[in-house]
Amino acid sequence: MSEFVYQANLVPYTRAELVEKVAANLSTSRFEHCLRVEQTAIELARQNGADVERAAIAGLVHDYAKQLPDETFIAAIQANHFDPDLLNYGNAIWHGVVGAYFIERDLGIHDDIILNAIRRHTIGAPEMTLIDQILFVADFIEPGRDFPGIEQARQTAKADLAAGVRYEILNTLSFLIKGQKKIYPKTIDTYNAWVPTQEQ
Ligand SMILES: [Fe+2]
Ligand SMILES: [Fe+2]
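Owing to the predicted nature of the structure, the values given are computational and were not obtained by experimental measurement. (Residues numbered from 1 in each chain as written. Chains lettered and ligands numbered in written order. Predicted model: local features only at pLDDT ≥ 70, side-chain atom pairs only at ≥ 80, totals over all residues. Heavy atoms only, no water.)

(A) Summary view of the packing of aromatic side chains. Evaluation of the coordinates by the stated rule reveals seven aromatic pairs. Centroid distance Tyr 101 to Phe 102: 5.0 Å. Interplanar angle 75°. Geometry classified as edge-to-face. An aromatic cluster is defined as three or more aromatic residues linked by ring pairs; in this entry it consists of Phe 73, Phe 82, Trp 94, Tyr 101 and Phe 102. If you follow Lys 182 out to its NZ or CZ, it ends over the ring of Tyr 89, 5.0 Å from the centre. (Phe/Tyr/Trp six-rings, centres within 6.5 Å; stacked < 30°, edge-to-face > 60°. Lys NZ or Arg CZ within 6 Å of the ring centre and 35° of its normal.)

Dropping the structure here:
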């Protein structure tokens, strides 16, 4: 990919500097996932008339906190007055909801549109901005992903971004339920807002 040039002062670094900071915090495979999410987010932003630079930055940094130790997240949840119920969940939820805190602190990104997309990439939200939807879907369909239904997920999202969001929420909830996993309540709120097609 040709180097994406940041022009909107959303981050106090060049892309090359930001890439270096993200790479330093992640394993090679996780970092490469971030590059693919960046690229996929750029494509989805172009297709959907969204802010390409915000989508690119959110994609690149979204998993920055993914490999921090649990104790670091727990300390941040307690010290910064996050919802204490988060302590009943784990990294899969924390690295988005709380990860945005580390991204703001360490990477100097203060833009709420970017930070909210990162907060919401693990749980969604009843109302999601275009950038929220782009990051949520890009993370799910990036070219390195391989799971049953991935091709349908890609086709659905490319035809209609919101349909891609619905597909992903349904797929993720089904997976959690089949695995008898605990579900973070806000994820259920996301499901209720996006997926049911008729009032019960
Ligand atoms: Fe993530
Ligand atoms: Fe990710």
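What follows picks up the thread again.
(B) Focus on unusual backbone geometry. The residue His 81 is not glycine, and still its phi comes out positive at about 55°. Under the relative-accessibility criterion, His 81 is labelled exposed at 72%. For Gln 180, which is not glycine, the phi dihedral falls at a positive 55°. If you trace the backbone, Gln 180 turns up in the loop between α10 (161-178) and α11 (185-194). Gln 180 gets classed as exposed once you look at its relative accessible area, which sits at 73%. (Buried < 20%, exposed > 50% of the residue type's maximum accessible area, 1.4 Å probe, protein only. Helix = DSSP H or I, 4+ residues; strand = E, 2+ residues; numbered from the N terminus.)

(C) Seen up close, the packing of helix α3 (residues 52-61) against helix α8 (residues 130-141). The interhelical angle for the contact between α3 and α8, taken along N-to-C directions, is 40°, at an axis separation of 10 Å. Classed by the angle they form, the pair α3 and α8 counts as oblique. Crossing geometry of α3 relative to α8 is assigned as right-handed. Counted together, Arg 54, Ala 55, Ala 58 and Gly 59 of α3 and Ile 131, Ile 134 and Leu 135 of α8 form the full contact between these two elements. (Axes fitted to C-alpha atoms, helices over the stretch in contact; angles between N-to-C directions. Parallel < 35°, antiparallel > 145°, perpendicular 65-115°, else oblique. Left-handed = near helix turned anticlockwise from the far one by under 90°. Contact = heavy atoms within 4.5 Å.)

(D) Main features of the coordination of the iron ion (ligand 2). Around the iron ion (ligand 2), the protein contributes the donor atoms His 33 (NE2), His 62 (NE2), Asp 63 (OD) and Asp 139 (OD), which lie 2.2 to 2.3 Å from the metal centre. Coordination at the iron ion (ligand 2) is irregular: its four donor atoms span angles of 82 to 173° at the metal. Each donor residue of the iron ion (ligand 2) lies on the same chain, and together they follow the pattern H-x28-H-D-x75-D. Here the iron ion (ligand 1) and the iron ion (ligand 2) are spaced 3.3 Å from one another, each receiving a donor from Asp 63. Of the two residues, His 33 is situated in helix α2 (residues 28-48) and Asp 139 in helix α8; the sequence distance between them amounts to 106 residues. Pair check on accessibility: His 33 and Asp 139 agree, each one buried. (Donors = N, O, S within 2.8 Å, 3.2 Å for Na, K, Ca; no water. Tetrahedral: all angles 85-135°; square planar, octahedral: opposite > 155°, others 65-115°.)

(E) Structural context of the packing of α10 against α11. Relative to each other, α10 and α11 sit at 135°, their axes nearing to 10 Å. In terms of orientation, α10 lies oblique with respect to α11. By crossing handedness, the relation of α10 to α11 is classed as left-handed. Contacts between α10 and α11 involve Ala 162, Val 165, Arg 166, Ile 169, Leu 170 and Leu 173 from the former and Thr 187, Thr 190, Tyr 191 and Trp 194 from the latter.

(F) Broad picture of the coordination of the iron ion (ligand 1). Donor atoms from the polypeptide that bind the iron ion (ligand 1) are Asp 63 (OD), His 95 (NE2) and His 121 (NE2), placed at 2.1 Å. Sequence positions of the donors to the iron ion (ligand 1) reduce to the motif D-x31-H-x25-H. Residue His 121 is classed as buried on the basis of its relative accessible area, which comes to 5%.

(G) Representation of the nonpolar core within the structure. Of all hydrophobic cores here, the largest spans 67 residues; its most connected members are Val 61, Val 98 and Ile 109. If you tally residues by element for this core, the top one is α8, at eight residues. What Val 61 contacts, discounting residues up to four positions off in sequence, is Leu 18, Val 22, Ile 103, Leu 107, Ile 109 and Ile 118. (Core = buried A, V, L, I, M, F, W, Y, C linked by side-chain atoms within 4.5 Å.)

(H) Main features of the UniProt feature "domain: HD" (unreviewed entry) in the protein chain. Under the present numbering, the feature "domain: HD" (unreviewed entry) in UniProt falls on residues 30-144. Secondary structure over residues 30-144 splits into 66% helix and 0% strand, and the C-alpha atoms at its two ends are 11 Å apart. (UniProt positions renumbered as here; feature names shortened; annotations may be inferred.)

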